[in-house]
Amino acid sequence: MALSRKEREEFLAEAHVAALAVDAGDGRAPLTVPIWYQYEPGGDIWVMTGRDSRKNRLIQAAGRFTLMIDRLEPTIRYVSVEGPVTGTTPATLDALREISARYLPPEKVDGYVDFSSANHGEQVVIHMRPERWVSSDLGTV
């Protein structure tokens, strides 16, 4: 059964690891990778990645990407959202801290932020406006 708009936005706002897919060009399957994301109902989604990464280059070339988020318990549920890139900005320590705090226990955030800022190189934040949604809750099948 498809989710209502409120249900799918609430589900997307939960902390899940997404599968990001973006067109990889002629003769290639889409690049599909796991990624952390940030979302508040009614707003844009944003992801953070390396400025010089293949993922960023492909997203900039395509101008859009898809995120697919699923879970298995307590019910099998998924939301897939696709849309255009609405902006790309240099990542800040505040953005890194925000997305890290979404996924990590509070006591791990500072250490991860220090590690990431020292080892992952220059990052960017890519914003996407949700345009097409596919969602379902399959119950406990």
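Our structure is the block above this text.
Computed from a predicted model, the values in this text were never measured in an experiment. (Residues numbered from 1 in each chain as written. Predicted model: local features only at pLDDT ≥ 70, side-chain atom pairs only at ≥ 80, totals over all residues. Heavy atoms only, no water.)

### Observations concerning the overall build of the chain
Working step 1: For the chain, the helix and strand inventory stands at four helices and eight strands.
Working step 2: Helices and strands in the chain line up, N terminus first, as α-β-β-β-β-α-β-β-α-α-β-β.
Working step 3: Against the 2.2 N^0.38 benchmark of 14 Å for 141 residues, the chain shows a C-alpha radius of gyration of 15 Å, consistent with a compact globule.
Working step 4: The principal-axis extent of the C-alpha atoms belonging to the chain is close to 45 × 45 × 25 Å. (Helix = DSSP H or I, 4+ residues; strand = E, 2+ residues; numbered from the N terminus. Rg over C-alpha atoms; globule rule 2.2 N^0.38 Å.)

### Some words on helix 3 (residues 93-103)
Working step 1: Regarding helix 3, the residues found buried are A95, L96, I99, S100, R102 and Y103. The arc that holds every buried residue of helix 3, seen down its axis, measures 155 degrees, which confines them to one face. Away from its buried face by more than 90 degrees, helix 3 exposes L93 and D94.
Working step 2: Taken together, the buried residues of helix 3 touch helix 1 (5-13), strand 3 (38-39), strand 4 (45-50), helix 4 (106-119) and strand 7 (123-128). (Buried < 20%, exposed > 50% of the residue type's maximum accessible area, 1.4 Å probe, protein only. Arc of directions from axis to C-beta. Contact = heavy atoms within 4.5 Å.)

### Thoughts on helix 4
An α-helical segment advances 3.6 residues per turn. Residues three or four places apart therefore align on the same side.
Working step 1: With 14 residues, helix 4 ought to run about 20 Å at 1.5 Å a step, and its terminal C-alpha atoms sit 21 Å apart, in line with that.
Working step 2: Among all positions in helix 4, only V109, V113 and S116 are buried.
Working step 3: Remark: G121 follows helix 4 within two positions and exhibits a positive phi of approximately 70 degrees. (Expected span 1.5 Å × (residues − 1).)

### Section: the packing of aromatic side chains
Working step 1: Applying the stated criterion across every chain, the model contains three aromatic pairs.
Working step 2: An angle of 10 degrees between the planes, with centres 4.7 Å apart, marks the rings of W36 and Y103 as stacked. Separated by 67 residues along the polypeptide, W36 in the loop between strand 2 (31-35) and strand 3 and Y103 in helix 3 bring together distant segments of the chain.
Working step 3: By relative accessible area, W36 is classed as partly exposed at 25%.
Working step 4: Members of the aromatic cluster, connected to one another through ring pairs, are W36, Y103 and Y112.
Working step 5: Taking the ring centre of Y37 as reference, the NZ or CZ of R102 above it sits at 4.7 Å. (Phe/Tyr/Trp six-rings, centres within 6.5 Å; stacked < 30°, edge-to-face > 60°. Lys NZ or Arg CZ within 6 Å of the ring centre and 35° of its normal.)

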